[in-house]
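Geometric and topological summary
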Amino acid sequence: MLENENFRTKFRFVAGQTRTNIKIIDRVGRTNTDINEPGLTVTAADLDALLNDLLAEVNAGDIVVLAGSLPKGAPQDTYRVWTSACKNAGARVFLDADGALLAEGLKAAPYLIKPNDDELSRLAGRKLETIEELTAEGRKLLESGIERVVISLGGRGALYLRRGSTIYAEGLKVPVGSTVGAGDSVVAALAYAEEHGLSEEEAVRLSTATGAANVMCSGTQAAERSVIEELLPKVRFSKR
């Protein structure tokens, strides 16, 4: 599928079965249930080989996205090690993780992180509810050397923080097909914006519209670019 989309792939296959994630959507009760299998177990040798594969492809100025959970056998400091290695190669690292994986990854100061409000609350060790509380916690992370902090707030929208700038983008009201991959699509849009030198405001519009367009899709279906472009003028944001 990726090759049909004109992506160049470089997989490293290991023993075991790729994990299956099942999403059950109740259109009457309007609930989503996730059943995520644990998947295979990796070894230190597997991880080292994959990291070497990655570093062989990375050049100065590249963007590397590290996202999601890790397979069994992967140590909790994997994202810290990989972030540090990619930064040493001159890359900008976008990290989208949760819990201990995020906490460890932050020690290497990735270029951008995208926690949601619950993930940031877990990181802070307390419930963060208001925009002001979330902003203050995000600003602490900027002080640790991170360049960009994007905090997704679900239907409430998102906060975009960088030094000297805070932007709050309202959530777009769209029909919900599935929330699967919404956060991933936001990260993809942010990477696209960074790669193409879009302004901060353009990045906010693009990532907000892309996330909303993805929510309108069902299952693992990707949003059409035409839908994203239709939503761009509807994005509302304010500087705080």
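As a reminder, the structure under discussion sits directly above these lines.
This report concerns the structure included in the present document.

Digging into the pattern of salt bridges
Per the counting criterion, the structure on display carries 18 salt bridges. Of the charged contacts in the structure, one is a salt bridge between K107 and E104, with a shortest N-O distance of 2.8 Å. For D118, the salt bridge identified is with K127, shortest N-O distance 3.1 Å. For D118, a relative accessible area of 34% corresponds to the partly exposed category. Here the salt bridges share partners, and the residues they tie into one network are D77, R80, E104 and K107.

Let's talk about the environment of F11
Within the fold, F11 resides in the segment before β1 (21–26). It is 29 Å that separates the C-alpha atoms of F11 and L206, two residues lying 195 residues apart in sequence.

Looking at the pairing of strand β3 (residues 63–67)
The alternating pattern of β3 places V64 and L66 on a buried face, while none of I63, V65 and A67, on the opposite face, is buried. As paired elements, β3 and strand β4 (residues 92–96) share five bridges and run parallel to each other. By the bridge assignment, L66 is partnered in β4 with L95.

Thresholds applied
- Residues numbered from 1 in each chain as written.
- Predicted model: local features only at pLDDT ≥ 70, side-chain atom pairs only at ≥ 80, totals over all residues.
- Heavy atoms only, no water.
- Salt bridge = Lys/Arg side-chain N within 4 Å of Asp/Glu carboxyl O.
- Buried < 20%, exposed > 50% of the residue type's maximum accessible area, 1.4 Å probe, protein only.
- Helix = DSSP H or I, 4+ residues; strand = E, 2+ residues; numbered from the N terminus.
- Pairing = 2+ DSSP bridges.

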